[in-house]
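Residue-level listing of the chains:
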Amino acid sequence: MLIPKTHPRAASLYIREKLVHGFREGLVVEEGLLAHGRGEMFDYLIGEKTTKTSHKAIRAAARALLSAKSPVISVNGNFAALCAKEIVELSKVTGAKIEVNLFYASEKRKKAIAGTLKKNGAKEILGVDPKFSKRIPKLDSARRVVDKRGIFSADVVLVPLEDGDRTIALKKFGKDVITFDLNPMSRTAQTADITIVDNVIRGMGLLIKTCKELSGKDLEEKKFDNKKNLKKSIGTIRKNLRRMANA
Ligand code: PTJ
């Protein structure tokens, strides 16, 4: 990587390089590069920083993960390329299982992703052994195939970085869904129980830190209104656009 730290866009160029590296390593599919471009655009619009609204969602997500009975972190190619170390750490802090679940499913890529997570310290990776496959009803994409020890029997699922109909199907199947999505208007963002409108690169570290702070504490239920939070994120984008248009 040849990006000088003083470059005005060093952080976002570094994230892009990480993803391209993941692509060359066989973790990320070509379409994942396009998905990243969508994310970059929304990151620009939210100001390339974790907003107050996102901090609130991160706290709600930490509570939900820590109080879950069987939490699962669902991992796709982009998430593995950007956050392998953090996925493993979050799993250790919360006791969540890690499951590989792909839209563009291939056995080769599943193995590559599982291998990267194991290199980063994961002990067990679900979603790679067809012996345990089950189907989520009312879902057409390859994402419907899940592990019966993981997403199938989970109560809370972290589903980052996807704009699709899986969240609705998971909700109908009785799961609580947490997502990271830079686009507050995506289908996943709009249908999840808790949407963290932040880049996984920034948000995952903060989620881990918050889980560590709350771990072992009394997690009395706190009201979290996702719709209200999403409206605030859209408001931030609107404000930034207005500022840019008037500059
Ligand atoms: O690895 P696979 O086969 O499961 O495929 C994964 C991709 C990402 C290709 C697939 O899930 C996909 O096509 O995603 P979408 O539908 O483009 O949605 C990606 C969503 O994530 C968009 O709403 C983006 O704004 C958002 N996003 C992209 N990069 C980031 C992000 N959100 C948080 N952090 C990011 N770094």
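Computed from a predicted model, the values in this text were never measured in an experiment.

Peer 1: Before we go on, may I ask you to explain the environment of leucine 27 in this structure?
Peer 2: Locating leucine 27 in the fold gives a position in the loop between α1 (10-24) and α2 (30-46). Under the relative-accessibility criterion, leucine 27 is labelled buried at 5%. The spacing of leucine 27 and cysteine 83 is 56 residues in sequence and 12 Å in space, taken between C-alpha atoms. In this view, leucine 27 contacts Gly22, Gly77, Ala80, Ala81, Arg109, Ala112, Ile113 and Thr116; residues no more than four positions away in its chain are not counted.

Peer 1: Would you mind showing me how to read unusual backbone geometry here?
Peer 2: Excluding glycine, residues mostly have negative phi values, and the peptide bonds linking residues are mostly trans. A positive phi angle is found at glutamate 48, which is not glycine, with a value near 50°. Of note, glutamate 48 is situated in the loop between α2 and α3 (52-67). What makes glutamate 48 partly exposed here is its relative accessible area of 32%. The backbone of leucine 161 sits at a positive phi, close to 60°, despite the residue not being glycine. A relative accessible area of 24% means that leucine 161 is categorised as partly exposed.

Peer 1: What am I meant to see in the packing of helix α4 (residues 77-94) against helix α5 (residues 107-119) here?
Peer 2: Relative orientation and spacing of two packed helices are given, respectively, by the angle between their axes and the distance between those axes. Their axes nearest at 9 Å, the elements α4 and α5 cross at an angle of 25°. Judged by the inter-axis angle, α4 sits roughly parallel to α5. Crossing geometry of α4 relative to α5 is assigned as right-handed. Residue-level contacts link Gly77, Ala80, Ala84, Ile87 and Val88 of α4 to Arg109, Ile113, Thr116 and Leu117 of α5. Considering only residue class, the contact of α4 with α5 consists of 6 nonpolar, 2 polar and 1 charged.

The rules behind each value
- Residues numbered from 1 in each chain as written.
- Predicted model: local features only at pLDDT ≥ 70, side-chain atom pairs only at ≥ 80, totals over all residues.
- Heavy atoms only, no water.
- Helix = DSSP H or I, 4+ residues; strand = E, 2+ residues; numbered from the N terminus.
- Buried < 20%, exposed > 50% of the residue type's maximum accessible area, 1.4 Å probe, protein only.
- Contact = heavy atoms within 4.5 Å.
- Axes fitted to C-alpha atoms, helices over the stretch in contact; angles between N-to-C directions.
- Parallel < 35°, antiparallel > 145°, perpendicular 65-115°, else oblique.
- Left-handed = near helix turned anticlockwise from the far one by under 90°.
- Nonpolar A, V, L, I, M, F, W, Y, C, P; charged D, E, K, R; others polar.

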